[in-house]
Amino acid sequence: MKRQRKSGLRTLAAGSAVVSGALVLTACGSDNDSSPSGGPSKTTATATAGAGGIACGKSATVQASGSTAQEYAMQSWIKSYVRACPGTRINYEGTGSGTGQTEFLQGKTAFAGSDSPLSADQITQSKSVCTDGGHAVHLPMVGGPISVAYNLPGVSRLILDAPTLAHIFNSQITKWNDPAIAKLNPGTKLPATPIQATHRSDSSGTTDNFTSYLSDAAPSAWPYSHSKEWKAKGSPSAKKSAGLADQVKQTKGSIGYVELSYAIARRIPTVAIATGASSPVDANVLTSSKAISESKVTGTGNDLVLKLNYATKAPSSYPINAVTYEIVCDKGNKPATWPATKAFLTYMASKKGQEDLSFQGYATLPADVVNKVRSHINNLS
């Protein structure tokens, strides 16, 4: 079993679209009823023993919620951290980015995971939660590709571009043998099966990034602004990343956008994107890392919001990506839990915390960005 899982992880890092074996990491000695393979999204663990070279803050129970995109990483981080820090309990609820933001702004959590940054109005709202004149800031912690997963028996490789995807997800292309799809896939026998374009029903950072890609790369075909809420015409929907991936897996003719790790865990094929480069680009950690390396920091001070280049045409650069931020206060974090929260964030951003993420389907953030995250955590209070 271990040999099979290691093989699957190595294949994922190399960029295969479909691999055998799930990628769930369960915290040792934990009550973990969550996994990106399905089921309730909750990762809970209590430290029991060990040191592991990890610096621990004062023991506490840390509540956090948000992005389902980072659940594989969060499971791994919690497993390692609680082993080293006896008495500390980390409860992370994979509620989706929108709910995670809301719960943080309501003062219910120590930090939020989000695949899209807070709005200006939400930053203002955060001042009521962050004491001592503080406000919310964003710490980019993981990145990765948003794959376009599909269920079309007999079609092992499918190529689409941004305008065609925009028309599919806006219910303007409704059959798989549509001429626009056929033109991108010469020699492929496409069925007349109706297209079931599936979107997230909950407030989602994945939706925000996917619609950012459509609006940036195909502005004439996608008439909507990017948003965590789905704005296009009616189509099937599903809650959370696991729910969307399951629906695509179970429904012939379906297509949906989901973090690559969820597609791989279910052995769902994913679309290669024609970007205008010399050849279509598959979703994998290497092509995603290349695209994310083009991002720029747009935040100021301790805020590290990144601007992704969704319209990239660089060779071997996959355009549909997300960066997950941990949202905390620049000052005025909860005094009872901040030492433990700060220690946990410090570990997440450390070399040890980041080193194995590519084997779980996450892309490499630019080194200068990670270095800034490590430095900025030290400035928070």
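Predicted model only: the values in this text are computed from it and were never measured. (Residues numbered from 1 in each chain as written. Predicted model: local features only at pLDDT ≥ 70, side-chain atom pairs only at ≥ 80, totals over all residues. Heavy atoms only, no water.)

Where strand β2 (residues 61–66) lies against strand β3 (residues 89–93), five bridges are found, and the strand directions are parallel. Across the sheet, the residue bridging to Ser65 is Glu93, located in β3. Where the polypeptide runs from β2 across helix α2 (residues 71–84) and back to β3, its parallel neighbour, the crossover connection is right-handed. By the bridge criterion, three bridges tie β2 to strand β4 (residues 111–114) in an arrangement that is parallel. (Pairing = 2+ DSSP bridges. Helix = DSSP H or I, 4+ residues; strand = E, 2+ residues; numbered from the N terminus. Right-handed = clockwise from strand over helix to strand, strands pointing away.)

So, on to the nonpolar core. Counting residues in hydrophobic clusters, the biggest one holds 49 residues, and the most contacted among them are Leu158, Leu165, Ile168, Phe169, Ile181 and Ile255. Counting only elements with at least two residues in this core, the list comes to β5 (136–150), α5 (162–169), α7 (205–217), β9 (254–259), α9 (260–265), β13 (321–329) and α13 (367–379). Considering every element that reaches this core, the biggest residue donor is α5, with five residues. Those residues within four positions of Phe169 in sequence are excluded, and the remaining contacts are Ala197, Thr198, Phe210, Trp222, Trp230, Ala232, Ile255, Gly256 and Tyr257. Formed by 37 residues, the second largest nonpolar core is a distinct cluster that contains Met74, Leu139, Leu345 and Leu380. (Core = buried A, V, L, I, M, F, W, Y, C linked by side-chain atoms within 4.5 Å. Buried < 20%, exposed > 50% of the residue type's maximum accessible area, 1.4 Å probe, protein only. Contact = heavy atoms within 4.5 Å.)

Under the definition given, this model contains 11 aromatic pairs. With a centroid separation of 6.3 Å and an interplanar angle of 35 degrees, the aromatic rings of Tyr81 and Tyr347 are classed as tilted. Placement of the pair is Tyr81 in helix α2 and Tyr347 in helix α11 (residues 338–349), with a sequence separation of 266 residues. You can call Tyr81 buried: its relative accessible area is 0%. Connected via pairs of aromatic rings, a cluster forms that spans Phe169, Phe210, Trp222, Tyr224, Trp230 and Tyr257. (Phe/Tyr/Trp six-rings, centres within 6.5 Å; stacked < 30°, edge-to-face > 60°.)

Look at α5 against α7: their axes get within 9 Å of each other, and the N-to-C directions meet at 125 degrees. The angle between α5 and α7 places the two elements in the oblique class. Helix-helix and strand crossings are classified by hand; for α5 and α7 the assignment is left-handed. Touching Ala162, Leu165, Ala166 and Phe169 of α5 are Phe210, Tyr213, Leu214 and Ala217, all from α7. Of the residues belonging to the contact of α5 with α7, the class tally is eight nonpolar, no polar and no charged. (Axes fitted to C-alpha atoms, helices over the stretch in contact; angles between N-to-C directions. Parallel < 35°, antiparallel > 145°, perpendicular 65-115°, else oblique. Left-handed = near helix turned anticlockwise from the far one by under 90°. Nonpolar A, V, L, I, M, F, W, Y, C, P; charged D, E, K, R; others polar.)

Glancing now at helix α3 (residues 97–105). When α3 is considered as a whole, its buried residues turn out to be Ser97, Gly98, Gly100, Gln101, Phe104 and Leu105. Taken around the axis of α3, the buried residues stretch over an arc of 165 degrees, which confines them to a single face. The inward-facing, buried residues of α3 abut β2, β4, α4 (120–126), β5, α7 and β13. Following α3 by one or two positions, Gly107 has its phi on the positive side, about 80 degrees. (Arc of directions from axis to C-beta.)

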